[in-house]
Amino acid sequence: MTGLVPITWLKTGRTRNRSSSRCLSCAAPKGNISAHFDIFNSTTQVNLSFADSLRNICRGSLVPVRYVIAVSSLPTATHQRNIIRADLWYTRNASSSVKLIFFVGRPSDLSLLAHVEYERHLQTDIVLGSYSGVPESASLATLVMLRWVAEFCTAAPFVIKITDEGRVNARFLQVAYDLNVKLADEFDMLGSFVSLRGEACGEPPVQHSARRCPDHGGFLSGCAYMLAHRIVRPLLRASEMHPPVLPEDVYVTGTLAEAIGAKRGEPANFEGCYYSYVKSMSFVPRSAYYWLRDRLLISLTRLSLYWQEI
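Since this is a predicted model, take the numbers as computed values, not measurements.

**Student:** Please give an account of the nonpolar core that cites residues and values.
**Tutor:** Across soluble globular proteins, nonpolar side chains show a tendency to be buried alongside one another. Ranked by internal contacts, the top residues of the largest apolar core, which has 43 residues, are Val-68, Ile-101, Phe-103, Val-127 and Trp-148. Take this core: its biggest share by element is 10 residues, from helix H4 (residues 138-152). Ignoring anything within four residues of it in the chain, the contact list for Phe-103 reads Ala-70, Val-71, Ser-72, Ser-73, Val-127, Tyr-131, Met-145 and Trp-148. Within the second largest apolar cluster, 29 residues are counted, among which are Val-98, Ile-126, Ile-160 and Ala-170.

**Student:** Please set out empty space enclosed by the protein residue by residue, giving values where relevant.
**Tutor:** For the structure shown, the criterion picks out one cavity of 30 Å³ or more. In this structure, the largest cavity is lined by Phe-158, Asn-180, Leu-183, Ala-184, Phe-187, Asp-188, Met-189, Leu-190, Met-226, Leu-227 and Ala-228. Broken down by secondary-structure element, the contributors of at least two residues to the lining of the largest cavity are helix H6 (177-184), strand E10 (189-195) and strand E12 (218-228). Looking at the lining of the largest cavity residue by residue, the class counts come to nine nonpolar, one polar and one charged.

**Student:** Can you explain the state of the cysteines? Please cite residues and give values.
**Tutor:** Inspection of every chain in the model, using the stated rule, returns one disulfide. Covalent S-S linkage joins Cys-58 and Cys-153, the inter-sulfur distance amounting to 2.0 Å. Of note, the bridge from Cys-58 to Cys-153 carries an S-S torsion of about 80 degrees and is right-handed in sense. In this pair, Cys-58 sits in the loop between helix H1 (52-55) and strand E5 (67-73) while Cys-153 sits in the loop between H4 and strand E8 (158-163), placing the two residues 95 residues apart along the sequence.

**Student:** An account of the layout of surface pockets is needed here, citing residue identities and associated values.
**Tutor:** A volume near 320 Å³ is recorded for the second largest pocket. As for the second largest pocket, its lining consists of 20 residues, of which Ser-72, Leu-74, Pro-135, Ala-138 and Thr-163 are closest to the centre. Elements represented by at least two residues in the lining of the second largest pocket include exactly E5, strand E6 (98-106), strand E7 (126-132), H4, E8, E12 and helix H8 (248-260). Grouping the amino acids of the lining of the second largest pocket by side-chain chemistry returns eight nonpolar, eight polar and four charged.

**Student:** Kindly report on H4, identifying the contributing residues and their values.
**Tutor:** Compared with the 21 Å implied by 1.5 Å per residue over 15 residues, the 21 Å span of H4 between its first and last C-alpha is a close match. Taking burial as the measure, the 15 residues of H4 include 14 buried ones, the bulk of the element.

**Student:** With reference to specific residues and values, describe the pairing of strand E13 (residues 264-267).
**Tutor:** Going residue by residue along E13, you find Arg-264 and Glu-266 tucked away on one face and Gly-265 and Pro-267 tucked away on the opposite face as well. Sheet topology places E10 next to E13; two bridges connect them, and they run parallel. Its bridge partner being in E13, Leu-190 is matched across the sheet by Gly-265. Here strand E11 (residues 210-212) runs beside E13; their pairing, made up of three bridges, is antiparallel. When the sheet's bridge partners are listed, Arg-212 is paired in E13 with Gly-265.

**Student:** A description of the environment of Gly-202 should follow, citing residues and the corresponding values.
**Tutor:** Tracing the backbone through its elements, the reader meets Gly-202 in the loop between E10 and E11. Along the primary structure Gly-202 and Glu-266 are separated by 64 residues, whereas in three dimensions their C-alpha atoms are 9.3 Å apart. Those residues in contact with Gly-202 that sit more than four places away from it in its chain are Arg-211 and Arg-212.

**Student:** Give me the lowdown on the packing of aromatic side chains, citing residues and values where you can.
**Tutor:** This structure, assessed with the given rule, holds eight aromatic pairs. Ring centres of Phe-50 and Phe-152 lie 5.7 Å apart, and the angle between their planes is 75 degrees; this geometry places the pair in the edge-to-face category. With Phe-50 in strand E4 (residues 46-51) and Phe-152 in helix H4, this residue pair connects regions lying 102 residues apart in the sequence. Exposure class is identical for Phe-50 and Phe-152. Each is buried. With a centroid separation of 6.0 Å and 85 degrees between ring planes, the pair formed by Tyr-67 and Tyr-177 is classed as edge-to-face. Taken as a pair, Tyr-67 in strand E5 and Tyr-177 in helix H6 lie far apart in primary sequence, 110 residues in all. Relative accessible area serves as the criterion here: at 0%, Tyr-67 is assigned to the buried category. Three or more aromatic residues joined by ring pairs make a cluster, and in this case those are Phe-50, Phe-103, Trp-148 and Phe-152.

Conventions used here
Residues numbered from 1 in each chain as written. Predicted model: local features only at pLDDT ≥ 70, side-chain atom pairs only at ≥ 80, totals over all residues. Heavy atoms only, no water. Core = buried A, V, L, I, M, F, W, Y, C linked by side-chain atoms within 4.5 Å. Buried < 20%, exposed > 50% of the residue type's maximum accessible area, 1.4 Å probe, protein only. Helix = DSSP H or I, 4+ residues; strand = E, 2+ residues; numbered from the N terminus. Contact = heavy atoms within 4.5 Å. 1 Å grid on protein atoms, 1.4 Å probe; cavity = no way out; pocket = protein on both sides within 12 Å on 5 of 7 lines; lining within 4 Å. Points joined across faces, edges and corners; volume = space filled by probe spheres on them. Nonpolar A, V, L, I, M, F, W, Y, C, P; charged D, E, K, R; others polar. Disulfide = S-S within 2.5 Å. Expected span 1.5 Å × (residues − 1). Pairing = 2+ DSSP bridges. Phe/Tyr/Trp six-rings, centres within 6.5 Å; stacked < 30°, edge-to-face > 60°.

What follows is the structure, encoded as structure tokens:
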């Protein structure tokens, strides 16, 4: 790592709704980058800093990026971040089509802030924001995540948003990529659907493995959901008229999704906080070996972290 990239999104007075003081058109981020944004939602400025190598995590990839795994993480969740890193160790290189990025809010405790900044320096996979690093900032954190992905990972067809408690089986996602591309022709969002009107998702046709969910009166619940990249900017534009509120999943996959007419689907084998794949896959050669190796690595990481804590 050669340095940090600071970004600031600022409000401008170019275009405002007469009945609202919120900014509807805002300036490009300021900093040592050439990024440009036409979208801004928060009523306060948002500062981001991250390793300069992270800026090119997608553009500098040796292979086309297919998935961005964006983790909305709390400052205190160092243990969970290390578990996710250990679980997805095989994605942490330039030849992987899956990219892992953590989005962390600023803690009020200065010693914890120093710890997070050191972790950012050491791991180079953290985007540190100036928004408050508390659960109540979850919706704003997701908007910041979407804005960052819209600028720095434009070519990735899919964005998977998870929390510290979420897990992703990236190997099966890679195997299921062609299927996900086909599903993306019909669906904009995939996850575990919760209806607010008692309307269940329809059973999928034989050729599909995802259920078509109602267009209104529901949201995708749980710790993980997948978005087609094409709706990232429309979601951000919708947030101009719908300020962030809690719960985050209701806000993003309910309020904003319905505002833009996003089509939501529920994978037949979706497991709440574990986003793996949308249909049963055939046995992959050496998959048992990879599974055992990953489990051993995760166990060693947990033991090491536990030993440090005591």
